[in-house]
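# Inside the fold
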Amino acid sequence: MASPEARTPLMAGNWKMNLNHLEAIAHVQKLAFGLSDKDFDAVEVAVLPPFTDLRSVQTLVDGDKLKIRYGAQDISAHDDGAYTGEVSGPMLAKLNCTYVVVGHSERRQYHGEAEESCNAKVKAAYRHGLTPILCVGEPLDVRKAGGHIAHTLAQLDGALKDVPAEHVASIVVAYEPVWAIGTGEVATPENAQEVCAAIRGRLAELYDRPLSEGVRVQYGGSVKAGNVAAIMAQPDVDGALVGGAALNAEEFVKIVRFRDQ
Ligand SMILES: O=C[C@H](O)COP(=O)(O)O
(Lines give C-alpha, C1' and ligand atoms only; values in the text may rest on other atoms or scores of the structure.)
Protein backbone atom coordinates (compact mmCIF):
# COMPACT_ATOMS: atom_id res chain seq x y z
CA MET A 1 0.00 0.00 0.00
CA ALA A 2 1.42 3.39 -0.98
CA SER A 3 2.25 5.66 1.94
CA PRO A 4 1.93 9.45 1.76
CA GLU A 5 5.72 9.56 1.25
CA ALA A 6 5.36 7.33 -1.82
CA ARG A 7 3.06 9.82 -3.54
CA THR A 8 5.27 12.31 -5.33
CA PRO A 9 3.79 15.76 -4.70
CA LEU A 10 2.44 17.46 -7.79
CA MET A 11 2.63 21.24 -7.99
CA ALA A 12 0.63 22.39 -10.99
CA GLY A 13 0.24 25.96 -12.13
CA ASN A 14 -3.13 26.64 -13.73
CA TRP A 15 -2.53 29.85 -15.65
CA LYS A 16 -6.23 30.18 -16.54
CA MET A 17 -6.67 32.79 -19.31
CA ASN A 18 -3.33 34.49 -18.69
CA LEU A 19 0.03 34.67 -20.52
CA ASN A 20 0.21 34.57 -24.33
CA HIS A 21 2.58 32.16 -26.06
CA LEU A 22 5.54 34.55 -25.94
CA GLU A 23 4.97 35.24 -22.26
CA ALA A 24 4.60 31.50 -21.73
CA ILE A 25 8.07 30.85 -23.13
CA ALA A 26 9.64 33.49 -20.92
CA HIS A 27 7.75 32.17 -17.90
CA VAL A 28 8.74 28.53 -18.40
CA GLN A 29 12.35 29.59 -18.97
CA LYS A 30 12.26 31.41 -15.63
CA LEU A 31 10.86 28.32 -13.91
CA ALA A 32 13.53 26.13 -15.46
CA PHE A 33 16.21 28.57 -14.37
CA GLY A 34 14.82 28.71 -10.83
CA LEU A 35 14.40 24.98 -10.28
CA SER A 36 17.15 22.39 -9.87
CA ASP A 37 17.35 18.64 -10.37
CA LYS A 38 16.94 18.32 -6.61
CA ASP A 39 13.55 20.05 -6.88
CA PHE A 40 12.45 17.79 -9.71
CA ASP A 41 13.54 14.71 -7.77
CA ALA A 42 11.29 15.72 -4.86
CA VAL A 43 8.31 17.27 -6.62
CA GLU A 44 6.61 16.90 -9.97
CA VAL A 45 6.12 20.31 -11.55
CA ALA A 46 3.53 21.05 -14.20
CA VAL A 47 2.18 24.08 -16.00
CA LEU A 48 -1.31 24.28 -17.47
CA PRO A 49 -1.28 27.12 -20.00
CA PRO A 50 -4.00 28.26 -22.39
CA PHE A 51 -4.36 26.11 -25.52
CA THR A 52 -2.63 28.71 -27.70
CA ASP A 53 0.58 28.37 -25.64
CA LEU A 54 0.89 24.60 -25.67
CA ARG A 55 2.90 24.21 -28.87
CA SER A 56 5.40 26.84 -27.73
CA VAL A 57 5.73 25.20 -24.32
CA GLN A 58 6.18 21.80 -25.94
CA THR A 59 8.94 23.10 -28.22
CA LEU A 60 10.78 24.68 -25.30
CA VAL A 61 10.42 21.66 -23.02
CA ASP A 62 11.58 19.27 -25.75
CA GLY A 63 14.36 21.50 -27.08
CA ASP A 64 15.88 22.21 -23.67
CA LYS A 65 15.00 18.77 -22.24
CA LEU A 66 13.22 20.38 -19.31
CA LYS A 67 11.72 18.25 -16.57
CA ILE A 68 8.65 20.47 -16.40
CA ARG A 69 5.44 18.75 -17.45
CA TYR A 70 2.55 20.53 -19.08
CA GLY A 71 -1.08 20.06 -19.90
CA ALA A 72 -4.30 21.74 -20.94
CA GLN A 73 -7.09 23.37 -18.97
CA ASP A 74 -9.92 21.55 -20.71
CA ILE A 75 -10.63 18.80 -23.23
CA SER A 76 -13.53 18.07 -25.53
CA ALA A 77 -15.59 15.01 -24.69
CA HIS A 78 -15.47 14.25 -28.43
CA ASP A 79 -12.48 13.04 -30.39
CA ASP A 80 -13.24 14.97 -33.61
CA GLY A 81 -16.08 16.50 -35.55
CA ALA A 82 -18.25 19.58 -35.75
CA TYR A 83 -17.62 21.04 -32.28
CA THR A 84 -16.60 24.61 -32.95
CA GLY A 85 -14.17 26.02 -30.44
CA GLU A 86 -13.30 22.74 -28.80
CA VAL A 87 -9.92 21.02 -28.58
CA SER A 88 -9.74 17.24 -28.67
CA GLY A 89 -7.82 14.60 -26.77
CA PRO A 90 -5.92 13.49 -29.89
CA MET A 91 -4.79 17.11 -30.42
CA LEU A 92 -3.55 17.38 -26.85
CA ALA A 93 -1.88 13.98 -27.03
CA LYS A 94 -0.09 15.06 -30.23
CA LEU A 95 1.35 17.97 -28.25
CA ASN A 96 2.65 15.48 -25.66
CA CYS A 97 0.50 16.91 -22.90
CA THR A 98 0.71 14.90 -19.70
CA TYR A 99 -2.26 16.43 -17.89
CA VAL A 100 -5.64 17.93 -18.62
CA VAL A 101 -7.83 19.75 -16.12
CA VAL A 102 -11.40 18.46 -16.01
CA GLY A 103 -14.31 20.11 -14.22
CA HIS A 104 -12.60 23.22 -12.95
CA SER A 105 -15.13 25.28 -10.99
CA GLU A 106 -14.82 28.09 -13.52
CA ARG A 107 -15.87 25.66 -16.29
CA ARG A 108 -18.72 24.47 -14.08
CA GLN A 109 -19.78 28.05 -13.31
CA TYR A 110 -19.39 29.76 -16.69
CA HIS A 111 -19.91 26.85 -19.08
CA GLY A 112 -22.51 24.84 -17.23
CA GLU A 113 -20.32 21.76 -16.90
CA ALA A 114 -21.69 19.16 -14.56
CA GLU A 115 -21.18 15.52 -13.72
CA GLU A 116 -22.12 14.02 -17.07
CA SER A 117 -19.80 16.29 -19.00
CA CYS A 118 -16.94 15.79 -16.50
CA ASN A 119 -17.42 12.04 -16.75
CA ALA A 120 -17.24 12.17 -20.55
CA LYS A 121 -14.13 14.35 -20.40
CA VAL A 122 -12.36 12.05 -17.92
CA LYS A 123 -13.05 9.17 -20.32
CA ALA A 124 -11.87 11.24 -23.30
CA ALA A 125 -8.61 12.01 -21.50
CA TYR A 126 -7.93 8.34 -20.80
CA ARG A 127 -8.76 7.35 -24.37
CA HIS A 128 -5.73 9.37 -25.41
CA GLY A 129 -3.25 8.70 -22.65
CA LEU A 130 -3.81 12.00 -20.84
CA THR A 131 -4.03 12.18 -17.06
CA PRO A 132 -7.04 14.14 -15.80
CA ILE A 133 -6.69 16.59 -12.95
CA LEU A 134 -10.28 16.32 -11.82
CA CYS A 135 -11.46 19.36 -9.87
CA VAL A 136 -14.11 19.05 -7.21
CA GLY A 137 -15.22 21.32 -4.39
CA GLU A 138 -18.12 23.12 -2.81
CA PRO A 139 -19.41 26.69 -3.06
CA LEU A 140 -19.67 28.87 0.04
CA ASP A 141 -23.36 28.31 0.76
CA VAL A 142 -22.84 24.55 0.75
CA ARG A 143 -19.86 24.87 3.10
CA LYS A 144 -21.87 27.09 5.45
CA ALA A 145 -24.66 24.52 5.51
CA GLY A 146 -22.15 21.76 6.34
CA GLY A 147 -22.69 19.91 3.07
CA HIS A 148 -19.14 20.25 1.73
CA ILE A 149 -18.16 16.60 1.93
CA ALA A 150 -21.38 15.23 0.45
CA HIS A 151 -21.25 17.82 -2.35
CA THR A 152 -17.62 17.12 -3.21
CA LEU A 153 -18.02 13.34 -3.11
CA ALA A 154 -21.10 13.52 -5.34
CA GLN A 155 -18.99 15.40 -7.91
CA LEU A 156 -16.31 12.71 -7.60
CA ASP A 157 -18.83 9.86 -8.00
CA GLY A 158 -20.37 11.49 -11.06
CA ALA A 159 -17.07 12.15 -12.80
CA LEU A 160 -15.83 8.61 -12.21
CA LYS A 161 -18.97 6.74 -13.27
CA ASP A 162 -17.91 3.63 -15.21
CA VAL A 163 -14.26 4.68 -15.25
CA PRO A 164 -12.21 1.52 -14.62
CA ALA A 165 -9.69 1.11 -11.83
CA GLU A 166 -6.79 0.78 -14.26
CA HIS A 167 -7.46 4.37 -15.31
CA VAL A 168 -8.41 5.88 -11.98
CA ALA A 169 -5.17 4.56 -10.48
CA SER A 170 -3.35 7.43 -12.21
CA ILE A 171 -5.91 10.21 -11.78
CA VAL A 172 -5.18 13.40 -9.86
CA VAL A 173 -8.07 14.84 -7.87
CA ALA A 174 -7.91 18.51 -6.94
CA TYR A 175 -10.07 19.63 -4.04
CA GLU A 176 -10.83 23.26 -4.71
CA PRO A 177 -13.40 24.88 -2.44
CA VAL A 178 -14.97 27.50 -4.70
CA TRP A 179 -14.98 30.11 -1.92
CA ALA A 180 -11.18 29.91 -1.71
CA ILE A 181 -10.44 30.32 -5.42
CA GLY A 182 -8.94 33.67 -6.29
CA THR A 183 -10.35 35.20 -3.12
CA GLY A 184 -7.25 35.19 -0.96
CA GLU A 185 -9.28 33.17 1.52
CA VAL A 186 -7.37 29.92 1.84
CA ALA A 187 -8.94 26.90 3.49
CA THR A 188 -7.31 26.00 6.76
CA PRO A 189 -4.97 23.01 6.57
CA GLU A 190 -7.57 21.12 8.60
CA ASN A 191 -10.34 22.04 6.11
CA ALA A 192 -8.16 20.77 3.28
CA GLN A 193 -7.21 17.59 5.09
CA GLU A 194 -10.80 16.76 6.03
CA VAL A 195 -12.04 16.80 2.45
CA CYS A 196 -8.90 15.34 0.85
CA ALA A 197 -9.13 12.41 3.28
CA ALA A 198 -12.82 11.99 2.45
CA ILE A 199 -11.96 11.90 -1.27
CA ARG A 200 -9.37 9.20 -0.63
CA GLY A 201 -11.89 7.29 1.48
CA ARG A 202 -14.45 7.42 -1.32
CA LEU A 203 -11.88 6.15 -3.83
CA ALA A 204 -11.30 3.20 -1.49
CA GLU A 205 -15.06 2.52 -1.45
CA LEU A 206 -15.47 2.90 -5.20
CA TYR A 207 -12.31 0.91 -6.03
CA ASP A 208 -10.03 -0.38 -3.30
CA ARG A 209 -7.69 0.78 -0.60
CA PRO A 210 -4.37 0.25 -2.41
CA LEU A 211 -5.70 2.28 -5.38
CA SER A 212 -6.88 5.08 -3.10
CA GLU A 213 -3.53 5.18 -1.31
CA GLY A 214 -1.73 5.69 -4.60
CA VAL A 215 -3.91 8.51 -5.98
CA ARG A 216 -2.66 12.06 -5.55
CA VAL A 217 -5.14 14.50 -4.08
CA GLN A 218 -4.26 18.16 -4.46
CA TYR A 219 -5.61 21.21 -2.69
CA GLY A 220 -6.34 24.37 -4.68
CA GLY A 221 -7.55 27.81 -3.61
CA SER A 222 -5.35 30.83 -2.85
CA VAL A 223 -2.22 28.74 -2.39
CA LYS A 224 0.94 30.81 -2.15
CA ALA A 225 4.47 30.46 -0.82
CA GLY A 226 3.40 31.67 2.61
CA ASN A 227 0.69 29.07 3.22
CA VAL A 228 1.76 26.05 1.16
CA ALA A 229 3.92 24.33 3.78
CA ALA A 230 1.12 24.02 6.34
CA ILE A 231 -1.25 22.63 3.72
CA MET A 232 1.35 20.17 2.41
CA ALA A 233 2.00 18.98 5.97
CA GLN A 234 -1.44 17.32 5.92
CA PRO A 235 -1.20 13.58 5.29
CA ASP A 236 -3.81 13.42 2.53
CA VAL A 237 -2.69 16.50 0.59
CA ASP A 238 -0.29 15.54 -2.18
CA GLY A 239 0.20 18.79 -4.00
CA ALA A 240 -1.43 22.03 -5.02
CA LEU A 241 -3.30 23.36 -8.01
CA VAL A 242 -2.15 26.94 -8.03
CA GLY A 243 -3.87 29.76 -9.90
CA GLY A 244 -2.84 33.38 -9.30
CA ALA A 245 0.44 32.61 -7.53
CA ALA A 246 1.56 30.43 -10.45
CA LEU A 247 1.72 33.52 -12.70
CA ASN A 248 4.75 34.75 -10.82
CA ALA A 249 7.69 32.45 -11.55
CA GLU A 250 9.61 33.29 -8.37
CA GLU A 251 6.53 32.63 -6.25
CA PHE A 252 5.78 29.34 -8.00
CA VAL A 253 9.39 28.20 -7.51
CA LYS A 254 8.94 28.88 -3.78
CA ILE A 255 5.72 26.86 -3.80
CA VAL A 256 7.55 23.94 -5.43
CA ARG A 257 10.12 24.31 -2.64
CA PHE A 258 7.41 24.12 0.01
CA ARG A 259 9.70 22.18 2.30
CA ASP A 260 11.93 25.27 2.62
CA GLN A 261 9.10 27.68 3.47
O1 LIG B 1 -6.86 26.06 -10.52
C2 LIG B 1 -6.52 26.81 -9.60
C3 LIG B 1 -7.47 27.29 -8.66
O4 LIG B 1 -8.65 27.71 -9.24
C5 LIG B 1 -6.94 28.20 -7.60
O6 LIG B 1 -6.81 29.52 -8.04
P7 LIG B 1 -6.13 30.59 -7.07
O8 LIG B 1 -4.82 29.97 -6.63
O9 LIG B 1 -5.94 31.82 -7.88
O10 LIG B 1 -7.04 30.75 -5.90
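Details of the structure are given in the entry above.
These lines cover the structure that appears in this document, whether it is placed above or below. (Residues numbered from 1 in each chain as written. Predicted model: local features only at pLDDT ≥ 70, side-chain atom pairs only at ≥ 80, totals over all residues. Heavy atoms only, no water.)

Before going further, it helps to examine helix α10 (residues 189–206). Within an α-helix, residues lying three or four positions from one another point in the same direction, as the helix has 3.6 residues per turn. Over its 18 residues, α10 extends 26 Å from the first C-alpha to the last, a length consistent with the 26 Å expected when each residue adds 1.5 Å. Along α10, the positions that sit buried rather than exposed are Pro189, Ala192, Gln193, Val195, Cys196, Ala198, Ile199, Arg200, Leu203 and Ala204. (Helix = DSSP H or I, 4+ residues; strand = E, 2+ residues; numbered from the N terminus. Expected span 1.5 Å × (residues − 1). Buried < 20%, exposed > 50% of the residue type's maximum accessible area, 1.4 Å probe, protein only.)

With that out of the way, let us pick up the sheet that holds strand β2 (residues 44–48). Taking strand neighbours around the barrel as the criterion, the eight strands line up as β1-β2-β3-β4-β5-β6-β7-β8 in a closed arrangement whose pairing is parallel. The mean inter-strand angle of the sheet, taken between neighbouring strand axes irrespective of direction, is 25 degrees. As defined by bridge partners, strand β3 (residues 69–72) adjoins strand β4 (residues 99–102) across two bridges and the pair is classed as parallel. Note on β4: the bridge partner recorded for Ala72 is Val100. (Pairing = 2+ DSSP bridges. Axes fitted to C-alpha atoms, helices over the stretch in contact; angles between N-to-C directions.)

Below, the discussion takes up the nonpolar core. Buried together is how nonpolar side chains tend to be arranged in soluble globular proteins. In terms of nonpolar packing, the biggest core is built from 71 residues, with Met11, Leu92, Leu134, Ile171, Ile199 and Tyr219 touching the most fellow members. Broken down by element, the residue count for this core peaks at six residues, all from α10. When neighbours within four sequence positions are excluded, Tyr219 is seen to be in contact with Tyr175, Pro177, Ala180, Val186, Ala187, Ala192, Ile231, Val237, Gly239, Ala240 and Leu241. In this structure, Ala12, Leu48, Val101 and Cys135 belong to the second largest nonpolar core, which totals eleven residues. (Core = buried A, V, L, I, M, F, W, Y, C linked by side-chain atoms within 4.5 Å. Contact = heavy atoms within 4.5 Å.)

Moving on, we get to the pairing of strand β8 (residues 239–242). Every regular strand shows the same layout, with side chains that alternate between the two sheet faces. Covered by surrounding structure in β8 are Gly239 and Leu241 together with Ala240 and Val242, the residues of both alternating faces. Across four bridges, the pairing between strand β1 (residues 10–14) and β8 is parallel. Bridging from a neighbouring strand, Ala12 pairs with Leu241 of β8. Relative to β8, strand β7 (residues 216–220) is paired through two bridges, and the arrangement is parallel. Across the sheet, Tyr219 pairs through a bridge with Ala240, a residue of β8. Taken together, β7, helix α12 (residues 225–232) and β8 form a β-α-β motif whose crossover is right-handed. (Right-handed = clockwise from strand over helix to strand, strands pointing away.)

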